[in-house]
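Working through the structure, step by step
Below are the chains, spelled out letter by letter.
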Amino acid sequence: MDDHALVARLRAGDEGAFVSLVRQHQPGLLRLAEAMVGSRAVAEEVVQDTWLAVCKGAAAFEGRSSLKTWIFTILVNRARSTASREHRTEPVDGDEYDGCFDSSGVWATPPIPWSEKVDDEIVARQFAKEVSKVLPSLPDAQQQVLLLRDVEGLPAAEVSTLLSISDGNQRVLLHRARCRIRQHLENSMGGEWS
């Protein structure tokens, strides 16, 4: 079902449309909210507030972006407000990126996609387990960009707009996050994964 039809059903008070949206987007919203506020309990509150805002604001959806982007924008705004109230800060240390990029900011050695090296479901599960270990240790901005791009599949331009960052900054954050995850995988699983 396209966004306009789903929004029309929401505006008409169709509970099934709301349930469909929640099933589709709840896990991603919760992941991003937790990355932004740092606490599962607070993230659940942020997501709940987001769904209330979606219900109340369905009439305001103009279709200038996808429905998914609109919902994630509401979440990001609510999570930022909550995070600032929570006074959550993390120091950013750039030393772990040494060797990943050359002086122009391009990969020193381009990584080979992990999927080309993972031919066993057990290894893939181990990858997922290791990635979930390192994900919370990423700086907030890197974690948010990685989740939106690689997990939620949003286009780069939408992620930049959603997080109010430049396209260049979005690319750098994504590369740094991927590099850090790659380093963690190399260290924890051994061997060359690049």
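Above: the structure in question.
Residues numbered from 1 in each chain as written. Predicted model: local features only at pLDDT ≥ 70, side-chain atom pairs only at ≥ 80, totals over all residues. Heavy atoms only, no water.

A few words on the overall build of the chain. A count of helices and strands for the chain gives eight helices and zero strands. Along the chain, helices (α) and strands (β) appear in the sequence α-α-α-α-α-α-α-α when read from the amino end. Expressed as a percentage of its 194 residues, the buried residues of the chain come to 39%. In the chain, the share of contacts with a sequence separation of at least 24, taken over all contacts with a separation of at least 6, comes to 66%. A total of about 10,700 Å² of accessible surface is found on the chain, and carbon and sulfur atoms cover 50% of it. (Helix = DSSP H or I, 4+ residues; strand = E, 2+ residues; numbered from the N terminus. Buried < 20%, exposed > 50% of the residue type's maximum accessible area, 1.4 Å probe, protein only. Contact = heavy atoms within 4.5 Å. Areas by Shrake-Rupley, 256 points an atom, 1.4 Å probe, with all protein chains shown as cover.)

The next subject is unusual backbone geometry. Non-glycine residue S164 carries a positive phi angle of around 60 degrees. Take S164: it is sitting in the loop between α7 (156-163) and α8 (167-189). S164 gets classed as exposed once you look at its relative accessible area, which sits at 59%.

Turning next to the nonpolar core. Grouped together as the largest cluster of nonpolar side chains are 48 residues, with contacts concentrated most on L67, I71, L148 and I181. Setting aside chain neighbours within four positions, we find I71 in contact with L21, H25, L29, T50, W51 and V54. (Core = buried A, V, L, I, M, F, W, Y, C linked by side-chain atoms within 4.5 Å.)

Another aspect to go through is the pattern of salt bridges. Summed over the entire model, instances satisfying the criterion amount to 10 salt bridges. The shortest N-O distance in the salt bridge between E152 and R31 comes to 2.6 Å. Placement of the pair is E152 in the loop between α6 (140-151) and α7 and R31 in helix α2 (residues 15-37), with a sequence separation of 121 residues. Across the pair E44 and R40 runs a salt bridge, and its minimum N-O distance is 3.5 Å. Of this pair, E44 and R40 are both found in helix α3 (residues 40-57), four residues apart, which corresponds to roughly one turn of the helix. Under the relative-accessibility criterion, R40 is labelled partly exposed at 43%. Three or more residues joined by partner-sharing salt bridges are found here, namely R31, K68 and E152. (Salt bridge = Lys/Arg side-chain N within 4 Å of Asp/Glu carboxyl O.)

As a further point, take helix α1 (residues 3-11). Among all positions of α1, only L6, V7 and L10 are buried. Axial view of α1: buried residues confined to an arc of 100 degrees, hence all on one face. Positive backbone phi, at 85 degrees, marks G13, one or two positions downstream of α1. (Arc of directions from axis to C-beta.)

What follows is about the packing of α1 against α2. Remark: α1 packs on α2, axes separated minimally by 7 Å, with the N-to-C direction vectors making an angle of 125 degrees. For the element pair α1 / α2, the angle class is oblique. Here α1 runs over α2; the crossing is left-handed. On α2, the residues touching L6, R9 and L10 of α1 are G16, A17, F18 and L21. Per-class residue counts for the contact of α1 with α2 are five nonpolar, one polar and one charged. (Axes fitted to C-alpha atoms, helices over the stretch in contact; angles between N-to-C directions. Parallel < 35°, antiparallel > 145°, perpendicular 65-115°, else oblique. Left-handed = near helix turned anticlockwise from the far one by under 90°. Nonpolar A, V, L, I, M, F, W, Y, C, P; charged D, E, K, R; others polar.)

Here S160 is to be found in helix α7. Apart from residues lying up to four places away in sequence, S160 is in contact with I165, S166, D167 and Q170.

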